[in-house]
Amino acid sequence: MLVLITYDVNTESESGKRRLRKVAKQCVNYGRRVQNSVFECILDYTQCVQLKASLLEMIDQEKDSIRFYYLGNNHKAKVEHIGVDRGIDLEGTLIL
């Protein structure tokens, strides 16, 4: 299923800047960045639970926020993109 993850991490302190880097790195491990704090991730149920748990451990829930949008398996009909697409197709063929 496609999960859209957005986050806002308070970076007024050094610990906030570290949290921001950790959250971004973890999201990169599961999907592709489509905007500064927005990731598209193709996940199965287990991966989704693992990612959510790890992100919740990283943030300060008093200062930061994360939103998960569950777009499901029929996501192509739900997503419209206009402009430059800077990422790779997560479901396409990757040739190295």
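Residues numbered from 1 in each chain as written. Predicted model: local features only at pLDDT ≥ 70, side-chain atom pairs only at ≥ 80, totals over all residues. Heavy atoms only, no water.

Q: Can you help me understand the overall build of the chain in this one?
A: When you go through the chain residue by residue, the secondary structure sums to two helices and four strands. For the chain, the sequential pattern of α-helices and β-strands runs β-α-β-β-α-β. Contacts spanning at least 24 positions in sequence make up 65% of the contacts within the chain whose residues lie at least 6 apart. In the form shown here, the chain has an accessible surface area of approximately 7000 Å², with 48% of it arising from carbon and sulfur atoms. (Helix = DSSP H or I, 4+ residues; strand = E, 2+ residues; numbered from the N terminus. Contact = heavy atoms within 4.5 Å. Areas by Shrake-Rupley, 256 points an atom, 1.4 Å probe, with all protein chains shown as cover.)

Q: Is there a simple way to explain the side chain of arginine 19 in this structure?
A: Relative to the elements of secondary structure, arginine 19 occurs in helix α1 (residues 14-30). You can call arginine 19 buried: its relative accessible area is 11%. Sequence-distant contacts of arginine 19, that is, excluding residues within four places in its chain, are made with Val9, Asn10, Met58, Ile59, Asp60, Lys63 and Asp64. (Buried < 20%, exposed > 50% of the residue type's maximum accessible area, 1.4 Å probe, protein only.)

Q: So what exactly am I meant to see when it comes to helix α2 (residues 45-58) here?
A: Counted at 1.5 Å a residue, the expected span for α2 with its 14 residues is 20 Å, and the 20 Å between its end C-alpha atoms agrees. Cys48, Leu51, Ser54 and Leu55 are the residues of α2 that are buried. Each buried residue of α2 sits inside an arc of 140° when the element is viewed along its axis, so together they form one side. Seen from the open side of α2, the exposed residues pointing more than 90 degrees away from its buried face are Tyr45 and Glu57. Contacts from the buried residues of α2 go to β1 (2-8), α1, β3 (38-42) and β4 (65-72). Capping of α2 at its N-terminal end is provided by aspartate 44; its side-chain oxygen lies 3.2 Å from the backbone amide nitrogen of threonine 46. (Expected span 1.5 Å × (residues − 1). Arc of directions from axis to C-beta. Polar contact = N/O pair within 3.5 Å; in protein donor to acceptor, adjacent residues only side chain to side chain.)

Q: Explain a positive patch on the surface to me, please; I cannot follow it from the model alone.
A: A contiguous patch of positive charge, built from Arg18, Arg21, Lys22 and Lys25, is present on the exposed surface. Structurally, lysine 22 can be placed in helix α1. Owing to a relative accessible area of 51%, lysine 22 belongs among the exposed residues under this scheme. (Patch = residues over 30% accessible without salt bridge, like charges linked within 9 Å, V, L, I, M, F, W, Y side chains within 5 Å. Salt bridge = Lys/Arg side-chain N within 4 Å of Asp/Glu carboxyl O. Lys, Arg positive; Asp, Glu negative; His and termini not counted. Charge placed at Lys NZ, Arg CZ, Asp CG, Glu CD.)

Q: Just to check I follow, could you spell out the packing of aromatic side chains for this structure?
A: Between two aromatic rings, the relevant description is the distance of the centres plus the angle of the planes. All chains considered together, the criterion is met by two aromatic pairs. Centroid distance tyrosine 7 to phenylalanine 39: 6.2 Å. Interplanar angle 20°. Geometry classified as stacked. Of the two residues, tyrosine 7 sits in strand β1 while phenylalanine 39 sits in strand β3, which places them 32 residues apart along the sequence. In this structure, tyrosine 7 and phenylalanine 39 share a single accessibility class: buried. Ring centres 6.4 Å apart and planes at 10° place the aromatic pair phenylalanine 68 and tyrosine 70 in the stacked group. Residue tyrosine 70 is classed as partly exposed on the basis of its relative accessible area, which comes to 43%. Taking NZ or CZ as reference, lysine 52 lies 5.7 Å from the ring centre of phenylalanine 68, over its face. (Phe/Tyr/Trp six-rings, centres within 6.5 Å; stacked < 30°, edge-to-face > 60°. Lys NZ or Arg CZ within 6 Å of the ring centre and 35° of its normal.)

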